[in-house]
Amino acid sequence: MEQDAQLVQQCLQGDGSAWEELVRRHTRRIFNICYRFTGNRTESEDLSQDVFLRVYRTLGSYRSAHGGFATWMTSVTRNLLIDHYRRTKRDRITDSLEDKMPAVENKESAGRRPDEQALLGELSGQVQSALTRLSPELREAVILRDLQQLEYSEIQQVLAVPEGTVKSRINRGRIELARILQHMGVRPS
Amino acid sequence: MNWTCELTEARLSDYLDGLFQPAEQSAFNLHVNTCERCAPLVAGVAHALGGLYALEQVEAPAQLENAILTATLGAPSWRNLRRWLKSLRSPRFVYSMASVAATIVVILTASGFSFRKPKLADLHPATIYSKADRQAHRVYAQSAKFVSDLRVVYEIQTRLNENDQNPATREQTIPQASPNKQPGRTDNTNPSAPKQQNRADETGRNLRVLASQFPVLSGSIGERRVP
């Protein structure tokens, strides 16, 4: 974390290699957040690029005293993801009318892969699919807590909401996810 | 403690995160084990959570880092150029360049290149070589002469020390007093002081011995004025 702050300082002094190091360190994490939120690799790639572009432009506004660079970057990512969600809401409604049942596809493919690894892969696909059906505010809370393993205080900082709200969203997100999975026909063995 | 279905739903994350007090845990277990609504809910959420934990990190596309760097820092060629220009400011490079410049100056000076009146012809390899060769021979000859002189001086010094330490030799060299000479007066037969004369004779003799022992140096010794 301290190393990130040091790299940021070097970037602000015009050190391009420090920026390259920051990009190298955080690309995978940011791409994963975007991918888990959107469920689409191409969109995630574009969004990751936008995140880094915005971070690069606003690097001067980062204050290490207010929290870690990773948390700050996650916050930027979250804001961009919410913007993206609002921007593409209309497209998604149209798409969902045309292509309504991805769960059926999952059920059919479940019978073709009997081995455990394949089942695990199948479950991962179903969980990812269920995740993208959560409302964005529950989705981001679940992603930050259960996939990015952030502390409640860090999530509170990223989402800019009280800790009670964070806990409530995570709880509701998990329950909602279980319901979606159940609705998709995925039940605990 | 009386546990309800609403409490189960509200505090499910606390249960999953292991944040229950022992009394809460007991009440929760007692309720969930007997409640037809809560048991599948808890099992379903635990299963979903397991699914979330089983999600592996996806690899970012290989070209993503490059695309980000291009969007922020510019094209790779520009980045490389900037990196190279930046490396010029490093002390390591400056020291290297200074030493290279010093070496070039030394070589050019040694090869007889004139910095006051520089000529392109002076930089021709053949010219540099011939000048450097001439300079090297001159330096070698001067060095050889210097070493020879040093040896001669050393030999003389050694002989003088030997004479000083050997009384028999010294007695032979002591001049006999003239019978007519009055004490405290000179008879003008020896223009120099007796001690100076003795030393001069001794040095001359030593030089002759040296000349016979080192014929190569005889020219050099011959040039010296014998006192």
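Residues numbered from 1 in each chain as written. Chains lettered and ligands numbered in written order. Predicted model: local features only at pLDDT ≥ 70, side-chain atom pairs only at ≥ 80, totals over all residues.

## Points about the overall build of chain B
To keep it simple, the criterion reads: The numbering of helices and of strands both runs from the N terminus, where a helix is a DSSP run of H or I of at least 4 residues and a strand a run of E of at least 2. Whether a residue is buried, exposed or partly exposed is read from the other C-beta atoms within 10 Å of its own C-beta, which are placed from the backbone; 20 or more gives buried, 12 or fewer gives exposed, and intermediate counts give partly exposed.
What chain B contains, in helices and strands, is 11 helices and zero strands. Along chain B, from the amino end to the carboxyl end, the secondary structure elements read α-α-α-α-α-α-α-α-α-α-α. For chain B, buried positions account for 9% of its 227 residues.

## A closer look at the overall build of chain A
Which entries qualify depends on this criterion: What counts as a contact is two residues whose backbone-derived C-beta atoms lie within 7 Å of each other.
Counting its regular elements, chain A contains 10 helices and zero strands. Listing each helix as α and each strand as β along chain A from the N terminus yields α-α-α-α-α-α-α-α-α-α. Once local pairs closer than 6 in sequence are excluded, the contacts in chain A between residues at least 24 apart make up 65%.

## What to know about unusual backbone geometry
Residue and element names in this part refer to chain A. Phi at Gln 149 is positive, roughly 55 degrees, even though this residue is not glycine. Within the element layout of this structure, Gln 149 appears in the loop between helix H8 (136-147) and helix H9 (152-159). Located in the positive-phi region is Ala 160, a residue other than glycine, with phi close to 55 degrees. Within the secondary structure, Ala 160 is located in the loop between H9 and helix H10 (163-183).

## A word on the nonpolar core
All names here are of chain A. To keep it simple, the criterion reads: By convention the nonpolar core is taken to be a set of buried residues drawn from Ala, Val, Leu, Ile, Met, Phe, Trp, Tyr and Cys and joined through C-beta atoms within 7 Å.
In this structure, Cys 34, Val 127, Ala 141, Leu 177 and Leu 181 are the most contacted members of the largest nonpolar core, which totals 55 residues. Here the element with the most residues in this core is helix H2 (residues 16-38); it accounts for nine residues. Beyond its immediate stretch of four places on either side in the chain, Cys 34 contacts Ser 44, Leu 47, Ser 48, Thr 77 and Leu 81.

## A short note on the packing of helix H3 (residues 41-57) of chain A against helix H5 (residues 64-73) of chain B
The condition is simple: Fitted lines through C-alpha atoms give the axes, limited to the stretch in contact for helices. The angle between two N-to-C directions lies from 0 to 180 degrees. Take the far helix as the reference: if the near one is turned anticlockwise from it by less than a right angle, the crossing is left-handed, and if turned clockwise, right-handed. Basically, the charged four are Asp, Glu, Lys and Arg, the nonpolar ten are Ala, Val, Leu, Ile, Met, Phe, Trp, Tyr, Cys and Pro, and anything else, Gly included, counts as polar.
Axis separation between H3(A) and H5(B) bottoms out at 9 Å; the angle between their running directions is 40 degrees. Remark: the crossing between H3(A) and H5(B) carries right-handed chirality. Contacts from Glu45(A), Ser48(A), Gln49(A), Phe52(A), Leu53(A) and Tyr56(A) in H3(A) reach Leu64(B), Ala67(B), Ile68(B), Ala71(B) and Thr72(B) in H5(B). For the contact of H3(A) with H5(B), the residue count by class is seven nonpolar, three polar and one charged.

## Things to note about the interface of chain A and chain B
Taken residue by residue, the interface counts 34 residues in chain A and 29 residues in chain B. Tallied by class, residues from the side of chain A that touches chain B come to 17 nonpolar, 10 polar and seven charged.

## A word on H2(A)
All names here are of chain A. Basically, it comes down to this: Each residue after the first adds 1.5 Å to the expected span of a helix. To get the bend at any residue, fit one axis to the seven residues that end at it and another to the seven that begin at it, then take the angle between the two axes.
Between the first and last C-alpha of H2 there are 30 Å, a value that for 23 residues agrees with the 33 Å anticipated at 1.5 Å per step. Remark: the principal bend of H2, roughly 45 degrees, maps to His 26. Backbone geometry just after H2 places Gly 39 at a positive phi near 75 degrees.

## Regarding helix H7 (residues 91-110) of chain B
Residue and element names in this part refer to chain B. For H7, which comprises 20 residues, the first-to-last C-alpha distance of 28 Å matches the rise-based estimate of 28 Å (1.5 Å per residue) to within 8%. Taking burial as the measure, the 20 residues of H7 include zero buried ones, a minor fraction of the element. A positive backbone phi angle near 85 degrees is found at Gly 112, which sits one or two residues after H7.

## Description of the packing of H3(A) against helix H4 (residues 69-87) of chain A
Residues and elements named next belong to chain A. Quick reminder of the rule: Each angle is binned into one of four classes, with values under 35 degrees roughly parallel, values over 145 roughly antiparallel, values of 65 to 115 roughly perpendicular, and all other values oblique.
Running from amino to carboxyl end, H3 crosses H4 at an angle of 125 degrees, the nearest separation of the two axes being 10 Å. When the axis of H3 is compared with that of H4, the two are oblique. Like other packed secondary-structure pairs, H3 and H4 cross with a definite hand, here right-handed. Mapping the contact onto sequence places Leu 47, Asp 50, Val 51, Arg 54 and Val 55 in H3 and Met 73, Val 76, Thr 77, Leu 80, Leu 81 and His 84 in H4. Class assignment for the residues of the contact of H3 with H4 results in seven nonpolar, two polar and two charged.

## Topic: the confidence of the model for chain A
All names here are of chain A. To keep it simple, the criterion reads: The predictor reports its confidence for every residue as pLDDT, a score running from 0 up to 100.
With 83% of its residues at a pLDDT of at least 70, chain A reaches an overall mean of 84. When pLDDT is averaged over each element of chain A, H3 comes out on top at 95 and helix H6 (residues 102-110) at the bottom at 39. Every residue in residues 99-113 scores below 50 in pLDDT, and together they form 14 contacts with partners more than four places removed in sequence or on other chains.

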